[in-house]
Structure formats: C-alpha cells, structure tokens
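Spelled out from the first residue to the last, the chains are:
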Amino acid sequence: MAGLNVSIAFLFLVVGVCQAFRCLSKRLLSPGAYGCLATELAASFQLCASCLELRMLVEIGPWGGGFGPDVVLTLLFILFAVHGASFDGASANPTVSLQEFLLLESSLAATAAKLVAQGAGMGTGWAVTKLYWSWELTQFHLIQNLIASECSSSIHTSLQHAAFAEGTCSFLLHLVLLKLHQSRPTYRVPALAATVTFLTYTAGPFTGAFFNPALAVTTFHCSGSNFWDYVQVYWLGPMAGEVRRYPEQKLGWGQCWV
C-alpha cells in the first residue's frame, strides 16, 4: 500500500498548496481579480491534478496495487468534500461560467477572465502531474509512464449515449447545487461529494464521467475517438445539461453558487 500512500500524500499536498495560494491571493489582489482569476486558477489546478491521479489509480490500482474501486470511490468522496469546502465559490467548470454569462449573472470580461483562468489552471495541473509521474516514485507511476503513449478513449458506448450520459450528469449535479445552495456547508458539501461519487460510479464505465469540458481536454490526445467525437461528448453534452437547467432556475429554485 506504499504506492497508495504516496498518491494520497500528493493529493493533499495539491490541496494544501492551492489553499495557500488562495490565502495569499486574497490578501494581495482586489476582490474582483481574486474572484475571477485566483480562485478559478487554484480550483482548476486542484481539480485537474487530483482527478488525473485518481484516474490513474482507477486504471492501474485493481491489478497493479490489489485494491478495488471502493478505495478510489472513498478517496473521490473525501477529495470532493475537500474541494467543496476549499474552492471559495469557484466552479473550475467552463459550462458554469458560460451559464452565468447567459443568465446575465456575470459580465463578458469576468466570464472571459474565468475561462482563461480555468484553462491555465487545467493546463498547469496537467503539466505538474505529468512531471510528478515522471519521477516514478511508485510502481503505479512507472506503469503509467509505460502505457501513457497508448492510452485509449474513455468513450465506451455510442456517441449519442455518451453525450446523453455527460449531459445528464451535468444536469443532475447542478440541479443538486441549485437545491442546496442556501443550505449550510455542513450539509451541502457532503451532499455534493456524494452526488459526484454516485455519478462517477454510474457513468464512469461509459464516458469516464468528466461532466467538465476543461477537465476532459486532458484525454483528447488518446486514441480511439477523434476530436469531433470528444467535442460532442465532453463539450456539447455538458453544455446541453446546463441549458436544460435554465428552466429550473427561472422557476425560482435559486442561483447556483459554483
């Protein structure tokens, strides 16, 4: 289990570094720059690095480490509980930022700044995680480096079903957020973490359960599907789920905090 302990240490090191960055940025930057840039940058980096490490454990852990999916799902629940408590209002999700703009909850400049910060955070998270894997601190990372050039698509069903799955996951996730946005964090955070864990367990075998266009880009280089296939499933699917959320928002269910 030494390899798993190293991965857990990496995950919480990422959270700690991002939290320190948020605290420092909050002191140095204006509220607008902090809310549009710093929080989205830190949240996107944190989400990307942690999800890449968890995905590696999902793919290699059962046969390389001898532990089952229950271990990874437990880690997923804990991590998203930590994410929910530490993101400080950031979404790390382009579909949420675009939806806020369409609902006139965010200006064009603020939305553009959020999208740039999300892309930069995801890209930096991907680069740092790749560097960390190159050190081959565990057998998992050694195996990951060996198979990295031969990764396959996460789409394991038809494009229509895959896009429907991603859109449904996005819709259900943000529906839960809408229903719980006024709840106390002690209730909202674990409820959100449980929802993400359930959706990942349900849709993961079919699409990888990203329901986040920026996060899904990290797999676009894998063989088995072309770029347009990825766009349909991981970009248009979640965006359709966001659009489906609009009537519920107009009915007065509140405003999503992410």
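Data block above holds the structure.
Here is what the cut-offs are and how they apply
As a convention, each chain's residues are numbered from 1 in the sequence order in which they are written. In keeping with the model being predicted, local features are shown solely for residues with a pLDDT of at least 70 and side-chain atom pairs are shown and tallied solely at 80 or more, while totals for entire chains, interfaces and linings include all residues. Values reported for side chains reflect all heavy atoms of the structure, with hydrogen atoms and water molecules removed beforehand. Here is the rule: rings of Phe, Tyr and Trp (six-membered ring for Trp) pair when centre to centre is within 6.5 Å. Planes less than 30 degrees apart are stacked, more than 60 are edge-to-face, and the remainder are tilted. Helix and strand labels come from DSSP, where a helix needs a run of H or I of at least four residues and a strand needs a run of E of at least two; each type is numbered from the N terminus. Think of it in three bands: residues with accessible area under 20% of the maximum for their type are buried, residues over 50% are exposed, and the middle band is partly exposed, with areas taken using a 1.4 Å probe on protein chains only. Residue count minus one, scaled by 1.5 Å, sets the expected span of a helix. Contact criterion: two residues are considered in contact whenever any of their non-hydrogen atoms come within 4.5 Å of each other. Counted as positive: Lys and Arg. Counted as negative: Asp and Glu, with His and the chain ends omitted from the count. For salt bridges, the criterion is a side-chain nitrogen of Lys or Arg within 4 Å of an Asp or Glu carboxyl oxygen. For this analysis, a polar contact is any N or O atom pair within 3.5 Å, provided that within protein one partner can donate a hydrogen and the other can accept it, and provided that sequence-adjacent residues contribute only side-chain to side-chain pairs. Only a pair of cysteine sulfur atoms within 2.5 Å qualifies as a disulfide here.

**What to know about the packing of aromatic side chains**
Moving on, step 1. Enumeration over the complete set of coordinates arrives at seven aromatic pairs.
Moving on, step 2. Measuring from centroid to centroid gives 3.9 Å for F10 and Y132, while their planes differ by 5°, and the two rings are stacked. Of this pair, F10 sits in helix α1 (residues 2-28) while Y132 sits in helix α5 (residues 108-134); the two residues are 122 residues apart in sequence, bridging distant segments of the chain. The residues F10 and Y132 share a single accessibility class, namely buried.
Moving on, step 3. On the numbers, 5.8 Å between centres and 80° between planes, the contact of F220 with F227 is edge-to-face.
Moving on, step 4. Relative accessible area serves as the criterion here: at 14%, F220 is assigned to the buried category.
Moving on, step 5. Members of the aromatic cluster, connected to one another through ring pairs, are F210, F220, F227, Y230, Y234 and W235.

**Comments concerning helix α3 (residues 69-86)**
Moving on, step 1. Given a rise of 1.5 Å per residue, 18 residues ought to cover 26 Å, and the 25 Å separating the end C-alpha atoms of α3 matches this to within 8%.
Moving on, step 2. All buried positions along α3 are accounted for by V72, L75, L76, L79, F80, A81, H83, G84 and S86.
Moving on, step 3. Where the residues of α3 are buried, they touch α1, α2 (31-65) and α8 (185-207).
Moving on, step 4. Downstream of α3 by a residue or two, D88 has a phi angle that is positive, lying close to 55°.

**Here we look at the side chain of E53**
Moving on, step 1. Mapped onto the secondary structure, E53 falls in helix α2.
Moving on, step 2. Look at E53: it is buried, it has no salt bridge, and the nearest opposite charge is K130 at 10 Å.
Moving on, step 3. Engagement of the side chain of E53 in a polar contact is seen with the side chain of W133, the distance being 2.8 Å.
Moving on, step 4. Leaving out residues up to four positions away in the same chain, E53 has contacts with S7, F10, L11, Y132, W133 and H141.

**Looking at helix α7 (residues 159-180)**
Moving on, step 1. Relative to the 32 Å expected for 22 residues at 1.5 Å per residue, α7 spans 32 Å between its end C-alpha atoms, a close match to the ideal helical length.
Moving on, step 2. The set of residues buried in α7 consists of A162, A165, E166, G167, C169, S170, F171, L173, H174, L175, L177 and L178.

**Structural notes on the state of the cysteines**
Moving on, step 1. Summed over the entire model, instances satisfying the criterion amount to one disulfide.
Moving on, step 2. For C151, the disulfide goes to C222, at an S-S distance of 2.1 Å. What sets the handedness of the C151 and C222 disulfide is the S-S torsion sign, and at about -110° it is left-handed. With C151 in the loop between α6 (139-147) and α7 and C222 in the loop between α9 (213-216) and α10 (227-250), this pair connects stretches of sequence that are 71 residues apart. We note that C151, like C222, is buried.
Moving on, step 3. For C18, which is in no disulfide, the shortest distance to another cysteine sulfur is to C48 and amounts to 11 Å.
Moving on, step 4. Unpaired in this structure, C169 has its nearest cysteine sulfur neighbour in C51, at a distance of 13 Å.

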